[in-house]
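# Structural features, examined
Okay, here's what each chain looks like letter by letter:
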Amino acid sequence: MNKWLKKRDIILIISLLFIGIIALVIWHFIYSDDGKYVTIEQRNELIGTYPLNVDKEIEIEHRGKVVNKIIIKDGYCYMEEAECPDHLCIKQGKVNKSGQTIVCLPNRVVVTVVDSNNSDYDSIVN
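Notes on the structure follow. Keep in mind it's a predicted model, so treat the numbers as computed, not measured. (Residues numbered from 1 in each chain as written. Predicted model: local features only at pLDDT ≥ 70, side-chain atom pairs only at ≥ 80, totals over all residues. Heavy atoms only, no water.)

### Points about the sheet that holds strand E3 (residues 56–62)
Rules: A pair of strands counts as paired when DSSP detects no fewer than two bridges linking them. Secondary structure elements are defined from DSSP: runs of H or I of at least 4 residues count as helices, runs of E of at least 2 residues count as strands, and each element is numbered from the N terminus. Axes here refer to lines fitted to C-alpha atoms; in helices the fit is confined to the stretch in contact. Angles between the N-to-C directions go from 0 to 180 degrees.
Ordered by their spatial adjacency, three strands build an open sheet running E3-E4-E5, and the pairing between neighbours is antiparallel. Looking at which strands have only one partner, the edges of the open sheet turn out to be E3 and strand E5 (76–82). Neighbour-to-neighbour, the strand axes of this sheet turn through a mean angle of 20°, independent of strand direction. As paired strands, E3 and strand E4 (residues 65–73) are joined by seven bridges and run antiparallel to one another. From the neighbouring strand, Glu 59 faces E4, where its bridge partner is Lys 69.

As structure tokens, then:
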């Protein structure tokens, strides 16, 4: 009888581990950041759209001078350097959620995280 309980315990533990691994794989595919992009605008003109899952360094120029340096790394985007007096855009930190923005007002640079399946509507109210 004691041997039978040990065998059932092992089967139970293996089953729970298997269910847990399957749940993690499903969760990863549902909540992965593969569909997120960063749009960068300067003076109301689109500079570019970049995926968050590809590491990249973007330099924004104005009148032949680099005014902002934007880094996309490890699924996050942040402003690394800025030629503005207050550096509030750098202090805004890393963004990776849809709708989050980094704004550099003196240089008129706006960085926005957008979802690839983002619609034209923010929300629908009944």
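There is more to say after this.
### Remarks on the pattern of salt bridges
Opposite charge on two side chains allows them to pair when their charged atoms are near. Heads up, the rule is: When a carboxyl oxygen of Asp or Glu is within 4 Å of a side-chain nitrogen of Lys or Arg, the pair counts as a salt bridge. A simple rule labels every residue: compare its accessible area, found with a 1.4 Å probe on the protein chains alone, to the largest value its type can have, and call it buried under 20%, exposed over 50%, or partly exposed in between.
Within this structure, the stated rule accounts for three salt bridges. Where Glu 57 meets Lys 69, a salt bridge forms, and the shortest distance between an N and an O atom there is 3.5 Å. Note that Glu 57 is positioned in strand E3 and Lys 69 in strand E4, a separation of twelve residues in sequence. A residue is classified by how much of its surface remains accessible, and Lys 69, at 13% relative accessible area, is buried. Between Glu 81 and Lys 69 there is a salt bridge, and its shortest N-O distance comes to 3.9 Å.

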